[in-house]
Amino acid sequence: MAPLSTNPRSLNADERAALEHILSAEFDGASQLRSQLDRTEVTAVWGPDSVSVDLQVREPCEHAALPTELVPVDAPVYDASGSCVGMILVWTDQGATLAALEFAWVTDEMPTSLPTIVDGRLSRPS
């Protein structure tokens, strides 16, 4: 399914919190990606009721130099019982600017909200 375009909007609090959590890890290009957050907009959702979104960074911004388009951070999401229910992936445009925030789930039902950060990890209520 193709993403559903939307009028560009600022990151909401949940999107920003998830991105800040993942980009708090240290890896080559992390500081550049963190510096892009204030200039990042949501330009599309991945489907009706999806929490996964396409991102665009307004220029001027400091570009990262990642070797891949996927940010190299493991970000599993756990439910209240401690079971892994998915992961958050952050994608970049040719390794340079933030391009997408994805909630990849492993449960039967699509999540309707992004996870929260509880005790330093991504958690989703059951």
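Residues numbered from 1 in each chain as written. Predicted model: local features only at pLDDT ≥ 70, side-chain atom pairs only at ≥ 80, totals over all residues. Heavy atoms only, no water.

Peer 1: Residues and numbers for the overall build of the chain, please.
Peer 2: Summing up its helical and strand segments, the chain has two helices and eight strands in all. Seen in sequence order, the chain has helices and strands lined up from the N terminus as β-α-α-β-β-β-β-β-β-β. For the chain, whose C-alpha radius of gyration is 14 Å, the value lies close to the compact-globule estimate of 14 Å for 126 residues. Oriented by its inertia axes, the alpha-carbon framework of the chain measures out at about 40 × 30 × 25 Å. Scored against the burial criterion, the 126 residues of the chain give a buried share of 43%. Long-range pairs, those at least 24 residues apart, make up 55% of the contacts in the chain between residues at least 6 apart in sequence. Computing the positive centroid from 7 side-chain charges and the negative centroid from 19, the chain places the two 6 Å apart. (Helix = DSSP H or I, 4+ residues; strand = E, 2+ residues; numbered from the N terminus. Rg over C-alpha atoms; globule rule 2.2 N^0.38 Å. Buried < 20%, exposed > 50% of the residue type's maximum accessible area, 1.4 Å probe, protein only. Contact = heavy atoms within 4.5 Å. Lys, Arg positive; Asp, Glu negative; His and termini not counted. Charge placed at Lys NZ, Arg CZ, Asp CG, Glu CD.)

Peer 1: Tell me what's going on with the side chain of D79, and back it up with residues and numbers.
Peer 2: In this fold, D79 is placed in strand β4 (residues 76-79). For the buried D79, no salt bridge is present, and the opposite-charge side chain at shortest range is R121, 7.0 Å distant. One polar contact links D79 to S81, side chain to side chain, over a distance of 2.8 Å. In this structure, D79 is in contact with V85 and R124, ignoring residues within four places of it in sequence. (Salt bridge = Lys/Arg side-chain N within 4 Å of Asp/Glu carboxyl O. Polar contact = N/O pair within 3.5 Å; in protein donor to acceptor, adjacent residues only side chain to side chain.)

Peer 1: Any details on helix α1 (residues 13-23)? Residues and values, ideally.
Peer 2: Listing the buried residues of α1 in full gives E15, A18, L19, I22 and L23. Projected down its long axis, α1 carries its buried residues within an arc of 120°, all on one side. Between the side-chain oxygen of the N-cap and the backbone nitrogen of D14 there are 3.1 Å, and the N-cap of α1 in question is N12. (Arc of directions from axis to C-beta.)

Peer 1: Tell me about the nonpolar core, and please be specific about residues and values.
Peer 2: Residues F27, L33, L55, V71, I88, L98 and L101 are the most contacted members of the largest nonpolar core, which totals 28 residues. Within the residue set of this core, elements represented by two or more residues are α1, α2 (30-35), β3 (53-57), β5 (84-93) and β6 (97-105). Residue contacts for L33: discarding those within four places in its chain leaves L23, F27, A64, L66, V71, T92, A96, T97 and L98. (Core = buried A, V, L, I, M, F, W, Y, C linked by side-chain atoms within 4.5 Å.)

Peer 1: With reference to specific residues and values, describe unusual backbone geometry.
Peer 2: Cis geometry marks the peptide bond from E59 to P60, where omega comes out at -5°. Within the secondary structure, P60 is located in the loop between β3 and β4. Phi angles above zero are rare outside glycine, and Q94 is one such case at about 55°. On the basis of relative accessible area, Q94 is assigned to the exposed category, the value being 67%.

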